[in-house]
Amino acid sequence: MSFAPQFFTTAESLVDSLDKKLLVVLRDGRKIIGILRSYDQFANLVLQDSLERIYVGDAYGDIERGVFIIRGENVVLLGEIDCDVEDTLPLRQLPIEDILQLQREEAEEKARKDKLRHHLLYKQGFSVDFADNDLY
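The structure contained in this document is the topic of the report that follows.

Here is what the cut-offs are and how they apply
- For every chain, the first residue of the written sequence is number 1, and numbering continues from 1 along that sequence.
- Under the rules for a predicted model, residues below a pLDDT of 70 receive no local features and side-chain atom pairs below 80 are neither given nor counted, while totals for whole chains, interfaces and linings still include all residues.
- Side-chain figures throughout are based on the complete set of non-hydrogen atoms in the structure, without hydrogens or water.
- Should DSSP find at least two bridges between two strands, the strands are taken to pair.
- The helix count covers DSSP runs of H or I at least four residues long, the strand count covers runs of E at least two residues long, and both are numbered beginning at the N terminus.
- A 1.4 Å probe that fits into a set of points on a 1 Å grid over the protein atoms alone but cannot get out defines a cavity; an open set with protein on both sides within 12 Å along at least five of seven lines defines a pocket, and lining residues are those with an atom within 4 Å of a point.
- Grid points are joined across faces, edges and corners, and a volume is the space filled by probe spheres set on the points.
- Any two residues whose heavy atoms approach within 4.5 Å at even a single point are treated as in contact.
- Here an angle of 0 to 180 degrees is reported between the N-to-C directions of two axes, which are lines fitted to C-alpha atoms, with helices fitted over the stretch in contact.
- The salt bridge criterion pairs a side-chain nitrogen of Lys or Arg with a carboxyl oxygen of Asp or Glu, the two atoms within 4 Å.
- Relative accessibility thresholds used throughout: buried, under 20% of the residue-type maximum; exposed, over 50%; partly exposed, between the two (1.4 Å probe, protein chains only).

1. Thoughts on the pairing of strand S2 (residues 31–39)
Sheet analysis places strand S1 (residues 21–26) next to S2, joined by five bridges and oriented antiparallel. Note that in S2 the partner of Leu 23 across the bridge is Ile 33. Linking S1 to S2, which pair antiparallel, is a turn of four residues; within it Gly 29 sits at a positive phi near 95°. Bridge count for S2 against strand S3 (residues 45–56) is seven bridges, and the pairing is antiparallel. Each residue of the ladder has a partner; that of Ser 38, found in S3, is Val 46. Following S2, the chain reverses through five residues before pairing antiparallel with S3; Ala 43 in that reversal takes a positive phi of roughly 65°.

2. Looking at the layout of surface pockets
Of the pockets and cavities examined, the second largest pocket occupies roughly 150 Å³. Around the second largest pocket, the lining residues are Gly 29, Arg 30, Lys 31, Glu 52, Arg 53, Ile 54, Tyr 55, Val 56, Gln 103 and Glu 106. Counting only elements with at least two residues in the lining of the second largest pocket, the list comes to S3 and helix H2 (96–123). Among the elements that line the lining of the second largest pocket, the one with the most residues is S3, at five residues.

3. Details of the sheet that holds strand S4 (residues 59–70)
Here we have six strands laid out as an open sheet, ordered S5-S1-S2-S3-S4-S6, and mixed in their pairing. Looking along the sheet, the strands with just one partner apiece sit at the ends: strand S5 (75–80) and strand S6 (92–93). Looking at chain direction, S1 and S5 are connected through five bridges and run antiparallel. Considered in S5, the bridge of Val 24 is made with Leu 78. Packing against the sheet, H2 makes contact with S3 and S4, and its axis sits at approximately 60° to S3.

4. Structural notes on the pattern of salt bridges
Following the criterion strictly, the structure yields twelve salt bridges and no others. Ionic pairing is found between Asp 58 and Arg 92, a salt bridge with its closest N-O pair at 3.3 Å. A residue pair is termed long-range when its members are at least 10 positions apart, and Asp 58 in the loop between S3 and S4 and Arg 92 in strand S6 qualify at 34 residues. Residue Asp 58 is classed as partly exposed on the basis of its relative accessible area of 40%. For the salt bridge of Arg 117 with Asp 114, the shortest nitrogen-to-oxygen distance reads 3.0 Å. Pair noted here: Arg 117 and Asp 114 are both in helix H2, with a separation of three residues, about one helical turn. A relative accessible area of 45% places Arg 117 in the partly exposed class. Its relative accessible area of 18% is what places Asp 114 among the buried residues.

Bear in mind that shape data such as this cannot, by itself, settle questions of function.
Listed below in structure tokens is the structure:
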């Protein structure tokens, strides 16, 4: 008698990810990379040797974070990193100061484009009324 493999849809499914290098995307958009050391029934995570990775275009920079505790409700995406593939990606690592400067410039450009788009929509009769706290 053979049984079909079981797929867990709860925090129990994280058992296979223990002691592996993971990428966790948080609700605020941050990307944390670290080794999963522990979790609980609420999918709260403890990552060791973690770092926050900031991507801008084809470049990235890392900020060391050490031991990082993540509340489960803040996790959007979680996946294992294949170290062999990670080394072959066509991304270039830059010092964190350069990445933060590029990130600021990218945010300013986005804000400028959004302002122009809102102005054009307003001129065509659309109401563009977004509150500062409207994240969705």
